[in-house]
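# Coordinate inspection notes
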Amino acid sequence: MEIKVLELFGGIGACSNALKRLKIPFEVIDYVEIDKYAVKSFNAIYGTNFEPQDITTWDKNIEVDLIMHGSPCQDFSLAGKQAGGDEGSGTRSSLMYETLRIVEKLKPKYVIWENVKNILSKKHRHNFDAYLDKMSELGYTNYYQVLNAKDYGIPQNRERVFTVSILGNENFEFPPKQELKLKLKDMLEDEVDDKYYLSDKMINYCLGINQKESKFPRGERFLQNINRKNQNIANSITTNAGNRPTDNFLRIKNNTKKGYLEAYEGDGVYTNTSTKRGTVQHDIIQTLTTFQDKGVETRSEEHV
Ligand SMILES: C[S@@+](CC[C@H](N)C(=O)[O-])C[C@H]1O[C@@H](n2cnc3c(N)ncnc32)[C@H](O)[C@@H]1O
């Protein structure tokens, strides 16, 4: 039997994809997403034909078993301006209250909500609690836990709070952590467009090397997550050990005894642009954002 799903704030369908990966038969009865590019991507991935829809005016009478929603998180996120998500505030994060309106109307058996961990902070906790209270009032039993993608097979250090609500009194346990077998390196494509690498000029800029004196061989590059426009990682990488072509690691400035951390091929690198200090994570990477301050160390032969 297929589970009837309503995907709210559906984006590119990570929730649907999770069901697919778990081999749980399901049908997306409706998908609510306002961004036409996200809708286009979703349709291309799943072979569907959905149109963009605004959740604030969405009011259909459909029967569904499961509502999944990753409501906008930027106003709760530490990376954002922390405008919050109070009901009626008009912030994007306050759209979580639209889900409650829809849950109240459709009363599905299960509701799964995903959001940033910072919603549990002192500043935003009241909105999280308001969600749980409303769900309890509607007859749901709520379970929530902060889960990290790296504990579930994905080489990314991405923490999110997941809330599972079940209509009635049913027990639920979050799955146990798994050993991480996939490495960040395994996720990289062998052939990628040049735009994903820093140019030689930019590499030298980052290393503080004058173009004419550069000992850096042509083509040795540092993969950046978005594009080469990033000027932000300057000053964290120096010309000392770890930055020479013969070194098999990259030296990333940090408050350690040595004054740096070593990033080896496949390690995720994050540079705090205000403190000019970096973090290295072995074989995994921080949550990717639109800030261009993260990358993957790739010193493979092809790029030298
Ligand atoms: C955090 S993302 C969810 C990502 C999604 N879980 C995925 O797998 O891609 C929030 C989504 O809400 C969408 N959104 C924002 N305002 C909306 C609105 N008024 N109606 C419907 N969707 C909206 C955004 O375009 C964005 O794709």
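### A few points about the overall build of the protein chain
Per the secondary structure count, the protein chain includes six helices and 14 strands. Of all 304 residues assigned to the protein chain, the portion counted as buried reaches 44%. If you take every contact in the protein chain between residues at least 6 apart in sequence, the share linking residues at least 24 apart comes to 62%. As displayed, the protein chain has an accessible area near 17000 Å², and 50% of this comes from carbon and sulfur atoms.

### Quick look at the pattern of salt bridges
As enumerated under the stated definition, the model contains 10 salt bridges in all. Residues Glu114 and Arg160 are paired through a salt bridge, measuring 3.4 Å at the closest nitrogen-oxygen approach. Separated by 46 residues along the polypeptide, Glu114 in strand β4 (residues 110–116) and Arg160 in strand β7 (residues 159–167) bring together distant segments of the chain. Between Lys134 and Glu137 there is a salt bridge, and its shortest N-O distance comes to 3.4 Å. Of the two residues, Lys134 and Glu137 are both situated in helix α4 (residues 125–137); the distance of three residues between them amounts to about one turn of the helix. Assessed through its relative accessible area of 22%, Lys134 is described here as partly exposed. Salt bridges sharing common partners tie together Glu104, Lys134 and Glu137.

Thresholds applied
Residues numbered from 1 in each chain as written. Predicted model: local features only at pLDDT ≥ 70, side-chain atom pairs only at ≥ 80, totals over all residues. Heavy atoms only, no water. Helix = DSSP H or I, 4+ residues; strand = E, 2+ residues; numbered from the N terminus. Buried < 20%, exposed > 50% of the residue type's maximum accessible area, 1.4 Å probe, protein only. Contact = heavy atoms within 4.5 Å. Areas by Shrake-Rupley, 256 points an atom, 1.4 Å probe, with all protein chains shown as cover. Salt bridge = Lys/Arg side-chain N within 4 Å of Asp/Glu carboxyl O.

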